[in-house]
Amino acid sequence: MLIFEFYMFGINLNSVLPMRSQPEEQSEMVTQLLFGEHFRMIAYQGNFSFVENLHDGYQGWIDTKMITPVDIDFGQRIQYDNIAVINKPVANCYIESKEENIILPGGSCLPFYNPQTESCTVNGETFHVSQEQVNLPKTKKYSGDDLLSTALMYLNSPYLWGGRNVLGIDCSGLVQVAMNICGQNFPRNASQQVEKGELVSFLIEARGGDLAFFENAEGRITHVGILINNHKILHASGYVKIETIDAQGIINKQSGRYSHQLRVIKRVL
């Protein structure tokens, strides 16, 4: 592994970009970079660069040829708690210079988006996205109901380990993307997400939009879902679905057995 003498910055201008555990195509995909997310390049090996996503601090390997470099000033000026985001599972974006369209997944970032021109510009390239497909920063205070209605747009999306888009998403990816659309910069993994928000002591006190976290046999947080009310939950397991929950955990609607053991409930909005 070769270490860069100085940190360099890049941005993802692809719809999604796989981030892998090792510098090879066959390696496990641990997460995805969405359009507009920028990162710090730390090292490189062969055709891959080891990067840190500055949106959520996640680190991994991405294909170097997919990187669009940006200068340090650009990288330092992006603030993810004050950025426009795509508010639908998929949105159409027009690339001005190419006269081509690109599909952007929900939660994609639009740095320095101008609502008057309905566009943002990165490295001299202008991307046009209609304002109806964009949530603007600091224009609304979001609630748990907003979080829930956002996540419900992903209902029946297939499960994909490391996925963060409507065509493949995992449990914590669903929560993170929904939170991002609701204007909240949020961690990537369930074990990190559980540290956020206020404790809800009992399931009977839960309300729509609260997060329920689940533990494995070793007591580690390995799963998360979004409560619809105090007896139904939306979560990604096989696919994004609605199932019954009680004080013990989630009851699989096909087998009738418990699939996940409830650990804690948090209110994040």
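Each remark here, short or long, concerns the structure printed above.
First, a word on scope: everything that follows refers to the structure included in this document.

**Thoughts on the pattern of salt bridges**
Piece 1. Per the stated rule, a full pass over the model turns up nine salt bridges.
Piece 2. A salt bridge links Arg20 to Glu25, with the shortest nitrogen-to-oxygen separation between them at 3.9 Å.
Piece 3. Using a relative accessible area of 16% as the deciding quantity, one classes Arg20 as buried.
Piece 4. Looking at Glu25, the relative accessible area reads 45%, which means it is partly exposed.
Piece 5. Of the charged contacts in the structure, one is a salt bridge between Arg164 and Glu37, with a shortest N-O distance of 2.9 Å. On the criterion of sequence distance, the pair formed by Arg164 in strand β15 (residues 164-165) and Glu37 in the loop between β3 (29-34) and β4 (38-45) is long-range, its members being 127 residues apart.
Piece 6. The exposure class assigned to Arg164 is buried, which follows from its relative accessible area of 0%.

**Let's talk about the packing of aromatic side chains**
To describe a pair of aromatic rings, one takes the distance between the centres and the angle between the planes.
Piece 1. Taken as a whole, this structure holds two aromatic pairs when the rule is applied.
Piece 2. Measuring from ring centre to ring centre gives 5.2 Å for Phe35 and Phe127, while their planes differ by 75 degrees; the resulting arrangement is edge-to-face. Pair noted here: Phe35 is in the loop between β3 and β4 and Phe127 is in strand β13 (residues 125-128), with a separation of 92 residues, a long-range link. Take Phe35 and Phe127: they sit in the same class, and that class is buried.

What counts, and at which threshold
Residues numbered from 1 in each chain as written. Predicted model: local features only at pLDDT ≥ 70, side-chain atom pairs only at ≥ 80, totals over all residues. Heavy atoms only, no water. Salt bridge = Lys/Arg side-chain N within 4 Å of Asp/Glu carboxyl O. Buried < 20%, exposed > 50% of the residue type's maximum accessible area, 1.4 Å probe, protein only. Helix = DSSP H or I, 4+ residues; strand = E, 2+ residues; numbered from the N terminus. Phe/Tyr/Trp six-rings, centres within 6.5 Å; stacked < 30°, edge-to-face > 60°.

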